[in-house]
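# Close look at the chain arrangement
Chain residues, written in single-letter form:
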Amino acid sequence: GGVSAASGGADDDKASKRQRRLMKNREAAQLFRQRQKAHISELEHRVAVLSNDNADHRAKLELLKSENSMMRDQLAYLRSFVSHSIQLVSSPPMPSAVLVPPPPVPAPADAHPLARSVVVSQTLQLSAVPPLHPAVPPPPLSVSFAP
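Residues numbered from 1 in each chain as written. Predicted model: local features only at pLDDT ≥ 70, side-chain atom pairs only at ≥ 80, totals over all residues. Heavy atoms only, no water.

## A look at the overall build of the protein
- Within the protein one finds 2 helices and 0 strands.
- When each of the 147 residues of the protein is scored for burial, the buried share is 10%.
- Roughly 11,900 Å² of accessible area belongs to the protein as shown, and the carbon and sulfur atoms make up 62% of that amount. (Helix = DSSP H or I, 4+ residues; strand = E, 2+ residues; numbered from the N terminus. Buried < 20%, exposed > 50% of the residue type's maximum accessible area, 1.4 Å probe, protein only. Areas by Shrake-Rupley, 256 points an atom, 1.4 Å probe, with all protein chains shown as cover.)

## Quick notes on the packing of aromatic side chains
- Evaluated as defined, the whole model comprises 1 aromatic pair.
- Between Tyr77 and Phe81, the aromatic rings sit 6.4 Å apart at their centres with planes inclined by 20°, giving stacked as the arrangement. Pair noted here: Tyr77 and Phe81 are both in helix H1 (residues 2–90), with a separation of 4 residues, about one helical turn. Phe81 matches Tyr77 in its accessibility class, with the two residues each being buried. (Phe/Tyr/Trp six-rings, centres within 6.5 Å; stacked < 30°, edge-to-face > 60°.)

## Side note on the confidence of the model for the protein
- The predicted model of the protein has a mean per-residue pLDDT of 76, with 56% of residues at 70 or higher.
- Below a pLDDT of 50 lies the segment residues 116–136, which in the model reaches 55 contacts outside its immediate sequence neighbourhood of four places, other chains included. (pLDDT = per-residue confidence, 0-100. Contact = heavy atoms within 4.5 Å.)

As structure tokens, then:
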């Protein structure tokens, strides 16, 4: 009888240790799942923030590309106009001349709405007065751009 009672106590001890081990394992697994869930939530939040930043940067890039294109068109137009104006000034002088360029090249239809709303107005005024005497140089060329 005494031997079986001692072995019954050992079995209870083993079962108790097993229960404690299983309980610790469950708690550890639950803590791991909580940490994993928090980590995934943090990553999802970071993805959302970075996606918004990326969309903002793409929109700004498109706007800047549109503005760049419009400014390049305006630069080409102004270069052409100045070149043409210099040719006119180089020709025999006229008593007085005021040249107003045709309207600037409009922004492309596919330009960003903000870029299409930018209006740049240029007016080039040339004053050419014939020299009073061939030895006297003509007055300096007056060029002004009015926005």
